[in-house]
Amino acid sequence: MKSMLLSESHKETQVHDFNPQSWLQVERGKLSKISSYSPSSIESLIKIVEPPILPYFKPVDYVSVLAQIHEELEQCKPEEKSDRYLLQYHVFRGLGETKLLRRSLHSAWKHANTVHEKIIYGTWLRYEKQGEEFITDLLSSCGKCLRELEPVDVSLEIPVGASLPVSDTSTRNDAQEEATMVSFQIGGEMIICNRCKIASLSIPFHTMLNGPFTESNLEVINLSENGISAAGMRCIANFAVTGILSGNGLSVDILLEILIFANTFCCERLKEACDRKLASLVCSRQEAIELIACALEENAPVLGATCMQELLRELPTCLGDDQVVKFFCSANKEQQYAMVGRASFPFYSLVSEVSMKTDPTSEKTARFIEKMVESAVGTSQKQIAYHQLGCVRFLREEYGEAVSAFNAARSSGHVYSVTGIARIAFLKGDTMLAFEKLTSVMSLSQPLGWMFLERSLYADANRKLEDLDKATELDPTLTYPYMYRAIDLLKKQDPKAALDEVNRILGFKMALECLELRFCINLVMENYDLALRDVHAILTLAPGYRMVEGRVAASKIATLLGAQVDKWSSADCWMHLYDRWSAVDDVGSLSVIFQMMETDAPKGVLYFRQSLLLLRLNCPEVAMRSLQLARQHASSEHERLVYEGWLLYDTGHCKEALCKAEKSISMQRSFEAFFLKAYVLADSGMDPSCSLICISLLEEALKCPSDRLRKGQQALNNLGGVYLDCEKLDLAADCYTSALKIRHTRAHQGLARVHFLKNNRVAAFEEMTQLIDKARSNASAYEKRSEYCDREQTMKDLEMVTRLDPLRVYPYRYRAAVLMDSHKEKDAIAELTHAIAFKADLYLLHLRAAFHEHIGDLQSALRDCRAALSLDPNHQEMLELHKRVHNQETISGFDTM
């Protein structure tokens, strides 16, 4: 068979025949045999890219930074709060906590004190939620709106008269001059005006018309050289009498004349009226572009803010307009103030982030970040700005400027910027300097996973693997170490061990690069069906993904691989879906559903099931996209309402989700509508009597038509859970047994709980063992089984949980509690500290705070309390602990005085 070749231009060529092994030889166009591949060929087949230098704020001790922000928020002035929330946002961005960073942005918007801050943070929130505009529409259909997504009414935010001086000449009312008239000659026209009213417009006019100047004695004054037209002067004369800018010929050009004239002669009331009138005419980006220059030049705050809002409303599109970029990049401090008030740093943070996502190597991105550096105030803002500038300069291969920026960030205290300094030293051939930079950082602070990962890039082979192992130990979420070890094992001709290595991280983190690597390993092992499974998973997570160093569309590879495996009929697909669902093989189930999409099966149902799997795989954003597709492909109105209900529920709008479920039921009694209503009621816990209502709803659901997977997974299993809550153990057991009969494997977990509550710990243990044996993804099964073991077996099970899924926090808490009970306080705190370093979790911080309080370390306890409250400001137990520790520390402080 012919191999597939890629042209040098990276275009996809015509494929005549396909040998999956040839994909590994895509650069050389050679075939390889599984029995005789060499380490050198493997190295050329599968390449691993160096981990990127993340352009985020990554403090070494994020807990202390969050705690400090929380303390400052308690003490700072109201107008300073939004800046603190912005810093909190940057911390959460570095931690990869999407929900938390959005909440920080919302808090910054909520505490904004100026119209510019409201515009910027409102825009930022909309940008973060782009693609979710349909949620706003759904809420609107329920009579609810999200205020932060609405445009700011700038004219209301800036009160009338706010910019006027304290003493205004409009208060002058000289009775002797009320009837005196004066004519202004402009070209060949005469505009007759009330001298007193014109004089009242400003001190310069008053002085000119009533003071010791020649004009005070003239009945005709020539204004032809003052840039105002006759039409403009008539509007001014009318305004002087009525206080209103009006007239048939009041065009934008005339208003601009008047604005400049008002500025020239210090007519503040006229200028403000003109400013507002012009602002009311801004309805498009082009109008904003045309007027913003004047707004900046003439210092028109309402017009400036309105133009800015119109431009930012079209992010990221507006950054493709050269005129907009020029305004943003060339604005001096005075013009920046006219554009965004005191919010220059938030503004340039926003446009820099948007520009980096669009093209991090562009000149405009670098210029935006340079402006961000200029506007940075305080140590933290400088760390953020200089580090981002260093990252962009590095990507642009401007290494001298990059080193300067990274050094500035490092000097300000941003330790993570040493990664940039080391990379550039390495690129210049000084490997030893790069290695020493990282070693020095480790000696000065508590070592973190990224430090060992980075140092491994500059180490010899043996030391490299040692550092990567240490990196995984300290931060098991880093993908590079697993990928490097897997490729190293491939070079040593051990593809099975390589597969096990990459499966370690894919067991708890669906990283695209790791899925692609597993695809390659499966090709080496000639497991074409498994290779196709991974391509399907990639396409589900990222439909436009390109593989083989970005040269080939994943969809193309799926088509080619599909020709090498058996075709499934619709019945085959359902059978395989049952098998994989029963085995708790979520990635395998995704692959089957992907194939079913190509059949005539109802798309709405398939996308909905896909969303459930993606939630189990901890891919909430992709799950949301699948749920939206389910809504778009719904086969009926009542089905669409159900998917809308789930969309609302998943975004925290329980009341509105309930309305959608009830409306769907009123149209058609269906399994999905009844189940949605029951689920929302049970989870929201609105009323203790909800249990009986939920039971009734789930029983109604079971009477409706549905496939067995849904009945087993959703209705029977959840009904068993409600019965457990009501202590109706026999009824719960019946539900779980019925679910098992239709191959819902997870029902073993429910039966185990029933046995445990009946004091049959052995039977509970056996049920969970069956789940462990059957389930492909069984970290949760080990965790649940640990509840039914003696301590020795519990510890073994929890160690297995941590190995399978290090992001599960219960094992760390349990081990820490055991150590604390054994009076090994330092070890208990160290256990929690190890997990907190890579997992920002409320419960880990809560427990560590309690431990610190127990041993009398009140400052550390208070730090953990404050950091935990940054994660959840309304957590009641955390608030109580914080209050207690704070009181103790206050008393302790008085005692030491």
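These lines cover the structure that appears in this document, whether it is placed above or below. All residue numbers here refer to positions counted from 1 along the written sequence of the relevant chain. Whole-chain, interface and lining totals are the exception, using all residues; otherwise, since this is a predicted model, local features are given only for residues with pLDDT of at least 70 and side-chain atom pairs are given and counted only at 80 or more. The side-chain numbers reported here are obtained from all heavy atoms of the structure, hydrogens and water having been left aside.

The numbering of helices and of strands both runs from the N terminus, where a helix is a DSSP run of H or I of at least 4 residues and a strand a run of E of at least 2. On a plain count of helices and strands, the protein chain comes out with 49 helices and five strands. Principal-axis analysis of the C-alpha atoms gives the protein chain an extent of 110 × 80 × 70 Å. Burial analysis of the protein chain (897 residues in total) assigns 53% to the buried set. Here, two residues are considered to be in contact whenever any of their heavy atoms come within 4.5 Å of each other. In the protein chain, the share of contacts with a sequence separation of at least 24, taken over all contacts with a separation of at least 6, comes to 58%. Computed by Shrake-Rupley with a 1.4 Å probe, the accessible areas treat only the displayed protein chains as cover when residues are assessed. For the protein chain, the computed accessible surface area is about 40,300 Å², with 50% contributed by carbon and sulfur atoms. Three labels apply to residues, based on accessible area from a 1.4 Å probe with only protein chains included: buried if under 20% of the type maximum, exposed if over 50%, partly exposed otherwise in between.

On to the sheet that holds strand β3 (residues 220-222). Ordered in space as β2-β1-β3, the three strands form an open sheet in which the pairing is mixed. Unpaired on one side and paired on the other, β2 (189-194) and β3 mark the two borders of the sheet. Sheet twist, expressed as the average angle between the axes of neighbouring strands with direction ignored, equals 30 degrees. Each pair of strands is called paired provided DSSP finds at least two bridges between the two strands. Where strand β1 (residues 181-186) meets β2, six bridges bridge the pair, whose relative direction is antiparallel. Directly across from I186, in β2, lies its bridge partner E189. In this analysis an axis means a line fitted to C-alpha atoms, helices contributing only their contacting stretch, and an angle means the value between N-to-C directions, from 0 to 180 degrees. In the packing of helix α11 (residues 230-242) onto the sheet, the strands contacted are β1 and β2, and the crossing angle to β2 comes to about 10 degrees.

A few words on the pattern of salt bridges. The working definition used for a salt bridge is a side-chain nitrogen of Lys or Arg within 4 Å of a carboxyl oxygen of Asp or Glu. Under the counting rule described, the total for this entry stands at 57 salt bridges. Residues D83 and R342 are paired through a salt bridge, measuring 3.4 Å at the closest nitrogen-oxygen approach. Taken together, the positions of D83 in helix α4 (residues 81-95) and R342 in the loop between α17 (333-340) and α18 (344-358) put the pair 259 residues apart, joining distant regions of the chain. For D83, a relative accessible area of 22% translates into the label partly exposed. Across the salt bridge formed by K144 and E656, the nearest N and O atoms sit 3.9 Å from each other. Separated by 512 residues along the polypeptide, K144 in the loop between α7 (133-141) and α8 (154-157) and E656 in helix α36 (residues 654-667) bring together distant segments of the chain.

The next thing to look at is unusual backbone geometry. With an omega of 0 degrees, the peptide bond running from L315 to P316 counts as cis. Among the secondary structure elements, P316 is positioned in the loop between α15 (301-312) and α16 (322-330). Positive phi values are uncommon outside glycine, yet Q493 reaches one of about 60 degrees. Within the fold, Q493 resides in the loop between α26 (479-491) and α27 (495-506). Its relative accessible area of 43% is what places Q493 among the partly exposed residues.

We now examine the nonpolar core. If you look at the biggest cluster of nonpolar residues, it comprises 138 residues, and the most contacted ones within it are M233, I258, F328 and F347. In terms of residues, this core owes the most to one element, helix α48 (residues 858-871), which gives eight residues. In this structure, I258 is in contact with I228, G232, C235, I236, L245, L250, L270 and C274, ignoring residues within four places of it in sequence. Here, nonpolar core refers to any group of buried Ala, Val, Leu, Ile, Met, Phe, Trp, Tyr and Cys residues whose side-chain atoms link them within 4.5 Å. Among the nonpolar cores identified, the runner-up in size contains 111 residues, and I505, L606, A678 and L681 belong to it.

What sits between β1 and β2 in their antiparallel hairpin is a turn of two residues, with G187 showing a positive phi close to 65 degrees. Bridge count for β1 against β3 is three bridges, and the pairing is parallel. The partner of F184 across the bridge, within β3, is I221.

Taken residue by residue, α17 has Q336, A338, M339 and V340 as its buried positions. Seen from one end, α17 has its buried residues packed into an arc of 165 degrees, which puts them on one side. For α17, exposure combined with an orientation more than 90 degrees from the buried face picks out E334 and Y337. Contacts described as polar in this section are N or O atom pairs within 3.5 Å, which, within protein, must combine one atom able to donate a hydrogen with one able to accept it, while residues neighboring in sequence count only if both atoms come from side chains. For α17, the N-terminal capping position is held by N332, with its side-chain oxygen 3.1 Å away from the main-chain nitrogen of E334. Phi for G341, located one or two positions after α17, is positive at around 60 degrees. Note: the arc covers the axis-to-C-beta directions of the helix.

A cavity here means a set of points on a 1 Å grid, drawn over the protein atoms and nothing else, where a 1.4 Å probe fits but cannot get out; a pocket is an open set with protein on both sides within 12 Å along at least five of seven lines, and a residue lines either one if it has an atom within 4 Å of a point. Grid points are joined across faces, edges and corners, and a volume is the space filled by probe spheres set on the points. There is about 560 Å³ of room inside the second largest pocket. Lining the second largest pocket are 27 residues, with H116, I158, N299, P301 and Y337 sitting closest to its centre. Contributions of two or more residues to the lining of the second largest pocket are made by α6 (115-128), α13 (268-280), α14 (285-298), α15 and α17. When residues of the lining of the second largest pocket are assigned to their parent elements, the largest contribution, five residues, is made by α13. Just so you know the grouping, Ala, Val, Leu, Ile, Met, Phe, Trp, Tyr, Cys and Pro go in nonpolar, Asp, Glu, Lys and Arg go in charged, and all remaining residues, Gly too, go in polar. Across the lining of the second largest pocket, the residue classes break down as nine nonpolar, eight polar and 10 charged.

It is worth spelling out the packing of aromatic side chains at this point. Between 30 and 60 degrees the pair is tilted, below 30 it is stacked and above 60 it is edge-to-face, where a pair is any two Phe, Tyr or Trp rings, Trp via its six-membered ring, whose centres lie within 6.5 Å. Considering all chains together, one arrives at 22 aromatic pairs under this definition. Between F261 and F265 the ring centres are 4.6 Å apart and the planes differ by 40 degrees, which places this aromatic pair in the tilted class. As far as burial versus exposure is concerned, F261 and F265 are alike and both buried. The rings of F608, Y643, W646, Y649, F671, F675 and Y679 are connected pair by pair, giving a single aromatic cluster. Cation placement over rings: the criterion is NZ of Lys or CZ of Arg within 6 Å of the ring centroid and within 35° of the ring normal. The residue whose ring lies beneath R485 is Y482, and the NZ or CZ to ring-centre distance is 5.2 Å.

Mapped onto the elements of the fold, V302 is located in helix α15. Note: C-alpha distance between V302 and A273 (29 residues apart in sequence) is 9.9 Å. Dropping the residues within four chain positions of it, V302 is found in contact with V154, S155, I158, D275, R276 and A279.

Looking now at the environment of P447. With respect to the helices and strands, the residue P447 is situated in the loop between α23 (431-444) and α24 (449-456). For P447, a relative accessible area of 32% gives the class partly exposed. Once the C-alpha coordinates of P447 and L474 are considered, the two residues, 27 residues apart in sequence, prove to be 8.3 Å apart. In this view, P447 contacts M442, F452 and L474; residues no more than four positions away in its chain are not counted.

It is worth spelling out the packing of helix α3 (residues 62-75) against α4 at this point. For the pair α3 and α4, the least separation of the axes is 10 Å and the interaxial angle reads 160 degrees. Here α3 is positioned roughly antiparallel relative to α4, judged by the angle of their axes. Here the hand of the crossing between α3 and α4 comes out left-handed. Between α3 and α4, the contacting residues are Y62, V65, L66, I69, E72 and L73 on the first element and K81, R84, Y85, L87, Q88, V91, F92 and L95 on the second. Its residues assigned to classes, the contact of α3 with α4 comprises 10 nonpolar, one polar and three charged. Here the word oblique covers every angle except those under 35 degrees (roughly parallel), over 145 (roughly antiparallel) and from 65 to 115 (roughly perpendicular). Crossings are assigned a handedness: left-handed for a near helix turned anticlockwise from the far helix by less than a right angle, right-handed for a clockwise turn.

Following the sequence through the fold, R485 ends up in helix α26. The sequence separation of R485 and A498 amounts to 13 residues, and the corresponding C-alpha distance is 7.3 Å. Not counting residues within four places of it along the chain, the set of residues in contact with R485 comprises L465, L468, D469, T472, E501 and R504. Engagement of the side chain of R485 in a polar contact is seen with the backbone oxygen of L468, the distance being 3.3 Å.

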